[in-house]
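Listed below are the residues making up each chain.
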Amino acid sequence: MKLKGIFSTLAACALLTASVAANATIITVDNTDAGFTSSGFTNSHYAPGFNGINYMVDTSNVSGDFAIWDPTSSVDWLAGIWNVEMIWTDGANRASNAVVTIDSGSASSSLIVDQSINGSIWNDLGDFSFDLSGASVSLDDSNSNTNKFVIADAVRFTLVTAADSISAPTDVPAPSTLLVLLAAAAGIFRLRRK
């Protein structure tokens, strides 16, 4: 009977762990949201596959236009490591070298995205450490091809690790490990019952 109680407790822990992983904190900032600002971009809904009701396009071919997504106004925002993804509409007339800058609030790094491909999907830009304030993702046309459009649609932030838990013990098993252990324990319990 004690073994059955242990398995019940393990099952409850595994379900709780899986539930926490399934309910990760996700913040999406669309070009129509309060956390978005831009200069030199205009609204469009010409190409399908955008997030929300439209997207924005830089058609001016004048260097200095920008778009900024700021997640810090969300009640769910906290300092920590966040996975950053960006969505755009693609096409032959899109910039193949749009500059994206990730600003942590205390440091920044830039990368190049090719908006002529991988449209209408969330493109993974990587995991970045962000401060509680000053965090943002920006896109500008400083490096874009002549006569090519830079697209500003939406950025999605998914919490990987909160800053207050970054120094947490690392010897805690992953949810998948708990499920494997639970399945093995259930198998042993069934064999012992026979």
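Higher on the page you've got the structure.
1. Observations concerning the overall build of the protein chain
1) Next: Looking only at helices and strands, the protein chain has two helices and 12 strands in total.
2) Next: Going from N to C terminus, the protein chain has its helices and strands arranged as α-β-β-β-β-β-β-β-β-β-β-β-β-α.
3) Next: Across the 194 residues of the protein chain, 35% fall into the buried class.
4) Next: Within the protein chain, contacts between residues at least 6 apart in sequence are counted, and of these 77% link residues at least 24 apart.

2. Section: the packing of aromatic side chains
1) Next: Evaluation of the coordinates by the stated rule reveals six aromatic pairs.
2) Next: An angle of 70° between the planes, with centres 5.5 Å apart, marks the rings of Trp 77 and Phe 130 as edge-to-face. Residue Trp 77 is located in the loop between strand 5 (66-69) and strand 6 (80-87), and its partner Phe 130 is located in strand 9 (residues 123-130); the two are separated by 53 residues in the primary sequence.
3) Next: For Phe 130, a relative accessible area of 2% corresponds to the buried category.
4) Next: An angle of 75° between the planes, with centres 6.0 Å apart, marks the rings of Phe 130 and Phe 157 as edge-to-face. Linking Phe 130 in strand 9 with Phe 157 in strand 12 (residues 154-162), this pair joins segments that are 27 residues apart in sequence. Each of the two residues, Phe 130 as well as Phe 157, counts as buried.
5) Next: An aromatic cluster of at least three residues, connected via ring pairs, comprises Trp 77, Trp 82, Phe 130 and Phe 157.

3. Considering the pattern of salt bridges
1) Next: Using the criterion set out here, one finds one salt bridge in the structure.
2) Next: Of the charged contacts, one joins Arg 156 and Glu 85 as a salt bridge, the two residues approaching to 2.9 Å between their closest N and O atoms. Of this pair, Arg 156 sits in strand 12 while Glu 85 sits in strand 6, placing them 71 residues apart in sequence.
3) Next: Its relative accessible area of 13% is what places Glu 85 among the buried residues.

4. A few points about the sheet that holds strand 11 (residues 150-152)
1) Next: Spatial strand order, 3-4-11: three strands in an open sheet with antiparallel pairing. Across the chains shown, the open sheet's two edge strands, defined by having one partner strand only, are strand 3 (42-44) and strand 11. Going from strand to strand, the sheet's axes swing by 40° on average, the running direction of each strand aside.

5. Here we look at unusual backbone geometry
1) Next: Despite not being glycine, Asn 118 has its phi angle at roughly 60°, a positive value.
2) Next: Secondary-structure assignment places Asn 118 in the loop between strand 8 (108-113) and strand 9.
3) Next: Positive phi is not limited to glycine here, since Ser 120 has a value of about 65°.

6. A closer look at the side chain of Gln 115
1) Next: Along the chain, Gln 115 turns up in the loop between strand 8 and strand 9.
2) Next: Separated by 2.7 Å, the side chain of Gln 115 and the backbone nitrogen of Ile 151 make a polar contact.
3) Next: Apart from residues no more than four positions distant in its own chain, Gln 115 is found in contact with Trp 88, Thr 89, Asp 90, Gly 91, Arg 94, Ala 95, Ser 96, Ala 98, Leu 139, Phe 149, Val 150 and Ile 151.

Conventions adopted
- Residues numbered from 1 in each chain as written.
- Predicted model: local features only at pLDDT ≥ 70, side-chain atom pairs only at ≥ 80, totals over all residues.
- Heavy atoms only, no water.
- Helix = DSSP H or I, 4+ residues; strand = E, 2+ residues; numbered from the N terminus.
- Buried < 20%, exposed > 50% of the residue type's maximum accessible area, 1.4 Å probe, protein only.
- Contact = heavy atoms within 4.5 Å.
- Phe/Tyr/Trp six-rings, centres within 6.5 Å; stacked < 30°, edge-to-face > 60°.
- Salt bridge = Lys/Arg side-chain N within 4 Å of Asp/Glu carboxyl O.
- Pairing = 2+ DSSP bridges.
- Axes fitted to C-alpha atoms, helices over the stretch in contact; angles between N-to-C directions.
- Polar contact = N/O pair within 3.5 Å; in protein donor to acceptor, adjacent residues only side chain to side chain.

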